[in-house]
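# Notes for the structure review
Spelled out, the chains give:
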Amino acid sequence: MSSTTRPAPTVGFDLDMTLIDSRPGIRACYLALTERTGTYVDADLAVTRLGPPLEEELAHWFPAEQIAATAELYREMYPAYAVAATSALPGAREAIAAVRAAGGRAIVVTAKHEPNARLHLEHLGIEPDAVVGDLWAERKATALREHGADVYVGDHLGDVRGARTAGAYSVAVASGPCSAEELRAAGADTVLTDLTEFPEWLAAYREGFEAARA
């Protein structure tokens, strides 16, 4: 009998609230931004809606003509405030390891400014095969196609849209701002509680049994 095992996969991962819990660091950076600019940013509210590009969040607090300069300032401040305060989410390292154990490639595709994304991964000792930043939602499909991603894993509705645009299998994790129900409604092929469930799912996927998640 011939094997139904899929070839070694290329798996893309989102970063914020998929691989890392960046909320404490981003909160600290927004507090510092408020102090630096004199413009109030509700840091506690901002970290409940991570995922979209920085400029979308800043638009809630700054006039349009200030957003570009403020985003540049925030990104300059970010390493000092956000990197050390950020931790890996449960199962993050094991998920990358599972892809490698299957002979595949693990890439990170994120809306975060790419140099800062790399700083997070280096600080936490997470070593993907490639990192692509500054891409959100459907635009993530560009990098996913370029790297031949079979699967894309993310926590946001925008990640589901990116996977579907790329023609990749969408695995959603309910570890971010979107509920499992919202992720399913957006069209995720599989919804996991978090990345601790990913190695088992990957093994089943490779065997050709796309396990349904309730």
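Before reading on, note that the structure itself is shown above.
Here is a short report on the structure shown in this document. For clarity, every value in this text was computed on a predicted model and none was experimentally measured.

Each helix and strand in the chain was counted, giving 10 helices and 8 strands. Its C-alpha atoms give the chain a radius of gyration of 17 Å, within 12% of the compact-globule value 17 Å for 214 residues. Structurally, the chain occupies a C-alpha span of about 70 × 35 × 30 Å along its principal axes. Partitioning the intrachain contacts of the chain with sequence separation of at least 6 by distance along the chain shows that 60% fall at a separation of at least 24. When the accessible surface of the chain is totalled, it reaches about 9,600 Å², and 51% of it is carbon and sulfur.

This part takes up the packing of helix α1 (residues 23-37) against helix α4 (residues 67-82). Two numbers describe how α1 lies on α4: the axes approach to 9 Å, and their chain directions differ by 125°. Taken together, the axes of α1 and α4 lie oblique to each other. Viewed along their axes, α1 and α4 form a crossing whose handedness is right-handed. Facing α1, whose interface residues are G25, I26, A28, C29, Y30, A32, L33, R36 and T37, α4 presents T70, L73, Y74, M77, Y78, Y81 and A82. Counted by class, the contact of α1 with α4 contains 12 nonpolar, 3 polar and 1 charged residues.

With 15 residues, α1 ought to run about 21 Å at 1.5 Å a step, and its terminal C-alpha atoms sit 21 Å apart, in line with that. For α1, the set of buried residues is G25, I26, C29, Y30, A32, L33 and T34. Close packing links the buried residues of α1 with α2 (43-46), α3 (54-58) and α4. At the C-terminal side of α1, G38 shows a positive phi close to 80°.

Bringing the pattern of salt bridges into the picture now. A side chain with one charge can pair with a side chain of the opposite charge if their charged atoms come near. Scanning all chains against the criterion turns up 10 salt bridges. The residue K140 makes a salt bridge to D14 at a minimum N-O spacing of 3.0 Å. Taken as a pair, K140 in helix α7 (residues 140-146) and D14 in the loop between β1 (10-13) and β2 (20-21) lie far apart in primary sequence, 126 residues in all. Residue K140 is classed as buried on the basis of its relative accessible area, which comes to 1%. Note that R75 and E55 form a salt bridge whose closest N and O atoms lie 3.0 Å from each other. Remark: E55 occurs in helix α3 and R75 occurs in helix α4; sequence separation between them is 20 residues. Assessed through its relative accessible area of 31%, E55 is described here as partly exposed. Via salt bridges that share partners, D14, K140 and D159 belong to a single interconnected network.

Moving on, we come to the packing of α4 against helix α6 (residues 114-124). Where α4 meets α6, the closest approach of the two axes is 10 Å, and the angle between their N-to-C directions is 10°. Taken together, α4 and α6 sit at an angle that is classed as roughly parallel. Where α4 approaches α6, its residues R75, Y78, P79 and A82 are matched on the opposing element by N116, L119 and H120. Of the residues contributing to the contact of α4 with α6, the split by class is 4 nonpolar, 2 polar and 1 charged.

Criteria and cut-off values
Along every chain, residues carry numbers that run from 1 in the direction the sequence is written. Reporting in this predicted model follows two pLDDT cut-offs: at least 70 for local features of residues, and 80 or more for side-chain atom pairs to be given and counted; totals over whole chains, interfaces and linings ignore these cut-offs and use all residues. Side-chain numbers come from the whole structure's heavy atoms, not from hydrogens or water. Numbering of helices and strands runs from the N terminus, with a helix taken as a DSSP run of H or I at least four residues long and a strand as a DSSP run of E at least two residues long. Within these notes, the globule rule equals 2.2 Å times the number of residues to the 0.38 power, and the radius of gyration is based on C-alpha atoms. Whether two residues are in contact is decided by their heavy atoms, any of which lying within 4.5 Å being enough. Per-residue accessibility takes into account occlusion by the displayed protein chains alone, with areas from the Shrake-Rupley method and a 1.4 Å probe. A fitted line through C-alpha atoms serves as each axis, taken over the contacting stretch for helices, and the angle formed by two N-to-C directions is quoted from 0 to 180°. We call two directions roughly parallel when the angle between them is under 35 degrees, roughly antiparallel when it is over 145, roughly perpendicular when it lies between 65 and 115, and oblique otherwise. Handedness of each helix crossing follows the sense of rotation of the near helix against the far helix: counterclockwise by less than a right angle gives left-handed, clockwise gives right-handed. In the scheme used here, Gly and all other residues not listed as nonpolar or charged are polar, with Ala, Val, Leu, Ile, Met, Phe, Trp, Tyr, Cys and Pro taken as nonpolar and Asp, Glu, Lys and Arg as charged. Given a helix with a known number of residues, its expected span is that number minus one, times 1.5 Å. The buried label applies to any residue whose accessible area, calculated with a 1.4 Å probe on protein chains only, is under 20% of its type's maximum; exposed applies above 50%, and partly exposed to all values in between. A pair is scored as a salt bridge if a Lys or Arg side-chain nitrogen falls within 4 Å of a carboxyl oxygen belonging to Asp or Glu.

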